[in-house]
Amino acid sequence: MDKRLERILPRVQKPARYVGGEYNAVMKEKGSVDTRVAFCFPDTYEIGMSNLGMRILYGVMNEMEGVWCERVFAPWGDMEEEMRKAGMPLYALESGDPISEFDIIAFSVGYEMAFPAILNMLDLGGVPLHSSERTSLTPLVIAGGTAMYNSEPMADFIDLVSLGEGEDLTVEIIELYRKAKREGWDKQRFLAAAAQLEGVYVPSLYDVSYNDDGTVQSITPKCGAPARVTKRIVQDMDKSYFPTKTIVPSTEIVQDRVMLELFRGCIRGCRFCQAGYVYRPVRSRSCDLCAQYAQESVEDSGYQEMTLSSLSTSDYPPLTELCDKLEDFCAERHVNLSLPSLRADNFSMALMERLQKGRKSGLTFAPEAGTQRLRDAINKNLTEEDLLASCRRAFAGGYSAVKLYFMLGLPTETDEDVLAIADVAAHVMHAWRESASNKARGVRITVSTSWFVPKPHTAFQWEPQIPKEEYERRVKLLRDHMNTKTVNYNWHDSDTSFLEAVLARGDRRLCKVLETAWRKGAKLDAWEEYFSLERWMEAFRECGLDPHFYANRTRSHDELMPWSMIASGVTEAYLKREHERAYRAETTPDCRTQCNACGANRLVGGKCDV
Amino acid sequence: MSKLRLLFVKEAQASYISHLDLMRTFQRIFPRADLHLKHSQGYHPHPLISIVLPLPVAQSSECELLDCEVLEQTNGEGIAEKLNAGLPLGLRVRECYEVTRPARELAFLRAKVELEYDAGVPTGCVDALRGLFSRESIVIEKRTKRKELAEVDIRPMISQVLLCEGDGCVHADVLVQAQNPGLNPALLVRAIETHLPQYAPDFSRVRREELFDEDMKTFR
Ligand code: SF4
């Protein structure tokens, strides 16, 4: 082990996350590979290792002959400080080598608040921040992940963006890189060639000009780059790679269990949900294969917990059949099956009762809005009657805690909608009184509200985030009306939602704000401990930009969005239609009931297999 | 059903795995080797395993012990090899056998403490340290379970300290009481920092070498 590291580790919190060596970590001979990838997750080990996408791509890359992919995570503040003091650059866990020595530095970016961590990791690795300063082919800095559907705020720092699901495209990018390395191409030649790969967006190959009012005037591709880059997807889930032999961390992580992915995409079409749009269309893995992967994963890892993970798991058609198949095996191995998200309907409730057996922990539902009108406007397919029936059933079955999640500031929200949240909570309380099997235990009902963040590539991408004062007024309004005893009200009063709204729909001019904020100390800003709005506001002032322009402005349907060169497969016309329907509180049926012609079918060659 | 004991090495990367995480890691290793741990009863059944004398984080050891019950009938033969196939780097099972002696008979442990001096070992250091460890009492400040600072005399828990000078370091071969109360050998370094600050090392390493019973016979 590195001597510097040996001296640092006894002084930092949770040192096990900085040493690697876990079961199933992939070790290769340096001399036997020609391409080394530092796969970076711009957050802590515990968060990064919980990411299924990262585990998939780690497996895919390491299956490539001659390629060694290693993992890199953001160190916590104490570790970073020690590393900087000791002059120790950011290193990859498998070999311990500094990331600057790798061919490709690849970031997996799931959320905007991780942007500053990317800059900090590059800096800690001794890698120049700007793409333009890195003139040679190596190291190449690439990025993918949901937050890259608008990569503009990172445009100056990233050489190349891989859009959508990376199973195939990552391999293509690496193969092209190897060719470039063999044939001695310069970086420019490589980037121009990479831009021809379907799903690759090279920010430096696009010129962006602005109108006087700050909106984008034009986006002009150069060097033959396509005007629009459409995301890539896996066509056949039964043929796609699934990591049944995957790293088992030696220290506790957030998702410390087998994550079994049943399907991709979501049939529901909630209008606020970015994942729901950008992962379209829905593609399922067959039930037999899921069962096989489940067994193999449990046998190899020794885990005793397994989550059936997908965007809306109860929409997996053969879910009951899958649970039947897994039941005996799981019982014999003491494996608990869990569902990450629960729909409030009979089917889900029955399934959950079956899986949870004796363990009656709390239940969580996300009605998102208080009135039926607003739930229709956001296309959240849930009625209060469904919710109450589910609660009654749960209380009768012995549950004594329910958590309800809502958003404040959704488009078209009125005070009536806000107050209705208190009514929903009161009705749930009433349901408990009517049906609880054991009243002596009491009940805990928790209502949580968050501040709605409009996201690009959704039906609400044109919408403003409501101003902070207005958000706070609505919180207070609700708080004053939450007078049911035993209802606990939590609200997210964090300024992170505001910054998230700025970055999510930002343009390239935000690159300098990001850099300024990072120089002032922004790093792990997804963590309350490290986030400071003041720092960001100063950065905006110094750069002469107004954050409210990005967060709180209503865009018109004919405005050119900064992320217009990127396509998720869902057409802008469809998003506009959905946006208009929201204002009429008209729902749109799910993909299984009726195809609504969103455009994503073209990604699978015609018709979605829902 | 069999009561088994594992004798294992914990070093390098694995020396940073905390006690709780180590338990979790072992819980997962047994099913990988097709062994079924006996589980506790109740709503949250958990596997019954325990580590005899948990090693402080960042120390390494030749001789950790873990007790467990498996549903299979076995005397432990062949199990070490099976388990080793699924272990993280730095953990290695040396032996697996049926438990014959209760853990409370473990009385002493021998450890190597390496004291590193970046600018070379100061002159007179070894003699001074010998002087320190032959005192009648060696009082240091230590945090109690309730996180308060308290003074303790560690001298009664030290049986032997053999010192020899190496290149840029001093090797201490120490024999200390293992339990009731036990002494963490790292506290010898604390004693140096407290009483001979001029000889405080820049860095120190602790490695457990062997376990003994009351009669100084190897404990297994
Ligand atoms: S094309 Fe139709 S079925 Fe396919 S994702 Fe879009 S709305 Fe759903």
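Starting afresh in each chain, residues are numbered from 1 along the sequence in its written order. Each chain gets a letter, beginning with A, and each ligand a number, beginning with 1, in the order they are written. The predicted nature of this model means local features are confined to residues of pLDDT at least 70 and side-chain atom pairs, given and counted, to a pLDDT of 80 or more, with totals for whole chains, interfaces and linings taken over all residues. Computation of side-chain values covers all heavy atoms of the structure but excludes hydrogens and water.

Colleague: Account for the overall build of chain A, naming residues and giving values.
Modeller: Each helix and strand counted, chain A has 20 helices and 19 strands in total. Within these notes, the globule rule equals 2.2 Å times the number of residues to the 0.38 power, and the radius of gyration is based on C-alpha atoms. Taking 610 residues into account, the globule formula puts the C-alpha radius of gyration at 25 Å, and chain A, at 24 Å, falls close to it. For chain A, the spread of C-alpha atoms along the principal axes amounts to about 75 × 65 × 55 Å. Burial status follows relative accessibility: with a 1.4 Å probe on protein chains alone, a residue under 20% of its type maximum counts as buried, one over 50% as exposed, and anything between as partly exposed. The buried share of chain A, reckoned over its 610 residues, is 62%. Should any heavy atoms of two residues lie within 4.5 Å, those residues are counted as being in contact. In chain A, of all internal contacts separated by at least 6 residues, the share reaching a separation of at least 24 is 76%. For chain A, the exposed area adds up to about 22,800 Å²; of that, 49% sits on carbon and sulfur atoms. Only four residue types enter the charge count, namely Lys and Arg as positive and Asp and Glu as negative; His and the chain termini do not. Every charge is mapped to an atom, namely NZ of Lys, CZ of Arg, CG of Asp or CD of Glu. Of the side chains in chain A, 75 bear a positive and 89 a negative charge, and the two mean positions are spaced by 1 Å. Secondary structure elements follow DSSP: runs of H or I no shorter than four residues count as helices, runs of E no shorter than two count as strands, and numbering proceeds from the N terminus. In these tables, accessible area is a Shrake-Rupley quantity obtained with a 1.4 Å probe, and a residue counts as shielded only by the protein chains included in the view.

Colleague: Which residues make up the packing of helix α5 (residues 115–124) of chain A against helix α17 (residues 510–519) of chain A, and what values go with them?
Modeller: All names here are of chain A. Between N-to-C directions, angles span 0 to 180 degrees; the directions come from axes that are lines fitted to C-alpha atoms, helices contributing only their stretch in contact. One can describe the packing of α5 onto α17 by two numbers: an axis separation of 10 Å at closest approach and a directional angle of 65°. Once α5 is placed against α17, the crossing between them reads as right-handed. Here Phe115, Pro116, Leu119, Asn120 and Asp123 of α5 lie close against α17, whose contacting residues are Leu514, Glu515 and Trp518. In terms of residue class, the contact of α5 with α17 is made up of five nonpolar, one polar and two charged. Put simply, a crossing is left-handed when the front helix is turned counterclockwise from the back one by less than a right angle, and right-handed when it is turned clockwise. Put simply, Ala, Val, Leu, Ile, Met, Phe, Trp, Tyr, Cys and Pro go in the nonpolar bin, Asp, Glu, Lys and Arg in the charged bin, and everything else, Gly too, in the polar bin.

Colleague: Tell me about the site of the ligand, residues and numbers included.
Modeller: Near residues are defined by distance, with any heavy atom within 4 Å of the molecule or strand qualifying the residue. Taken together, Arg280, Pro281, Cys591, Cys595, Asn596, Ala597, Cys598, Asn601 and Cys608 of chain A make up the full set of residues near the ligand. Its residues placed into classes, the shell around the ligand shows six nonpolar, two polar and one charged.

Colleague: An account of the sheet that holds strand β16 (residues 401–408) of chain A is requested, with residue identities and associated values reported.
Modeller: Residues and elements named next belong to chain A. Following DSSP output, two strands are said to pair if at least two bridges run between them. Read across the sheet, four strands follow the order β15-β16-β17-β18 without closing on themselves; strand pairing throughout is parallel. At either margin of the open sheet sits one strand with a lone partner, and together these are β15 (363–368) and β18 (487–491). Across this sheet, the average inter-strand angle for adjacent strands is 20°, counted without regard to direction. One ladder, built from eight bridges, connects β16 with strand β17 (residues 444–451); its direction is parallel.

Colleague: An account of the domain arrangement of chain B is requested, with residue identities and associated values reported.
Modeller: Residue and element names in this part refer to chain B. The split into domains, and so the bounds of each, comes from an automatic or database assignment of domains. By domain assignment, chain B separates into domain 1 (2–100) and domain 2 (105–212). One C-alpha centre belongs to domain 1, the other to domain 2, and the line joining them spans 29 Å. In this assembly, 14 residues from domain 1 lie in contact with 12 residues from domain 2. Here the buried area means the combined drop in accessible surface, using a 1.4 Å probe, for two parts upon being joined, counting both sides. The largest share of the area that domain 1 buries against domain 2 comes from Leu53, Gln59 and Cys63, three residues that together contribute 50% of it. Throughout this description, the term salt bridge denotes a Lys or Arg side-chain nitrogen within 4 Å of a carboxyl oxygen of Asp or Glu. Taken together, the links from domain 1 to domain 2 amount to three salt bridges. In this structure, Glu62 and Arg207 form a salt bridge, with 2.4 Å as the shortest nitrogen-oxygen distance. Here the element with the most residues in the side of domain 1 that touches domain 2 is strand β3 (residues 60–70); it accounts for six residues. Among the residues forming the side of domain 1 that touches domain 2, the class breakdown is eight nonpolar, three polar and three charged.

Colleague: Outline the interface of chain A and chain B, listing residues and values.
Modeller: In many analyses, interface size is given as the accessible surface area lost on bringing the parts together. Across the boundary between the two partners, chain A contributes 30 residues, which contact 28 residues of chain B. For the pair chain A and chain B, the two sides together bury roughly 2,400 Å², of which 54% comes from carbon and sulfur. Per-residue buried area on chain A facing chain B is highest for Arg7, Tyr23 and Ser250 of chain A; these three make up 24% of the total on that side. As used in this structure description, the phrase polar contact means that two N or O atoms lie within 3.5 Å; if the pair is within protein, one of them must be able to donate a hydrogen and the other to accept it, and residues adjacent in sequence are counted only when both atoms belong to side chains. Scanning the region where chain A abuts chain B turns up nine residue pairs in polar contact (both at pLDDT 80 or more). Among the secondary structure elements, those contributing two or more residues to the side of chain A that touches chain B are α1 (3–8) and α9 (287–301) of chain A. Looking at the side of chain A that touches chain B, its residues break down into 10 nonpolar, nine polar and 11 charged.

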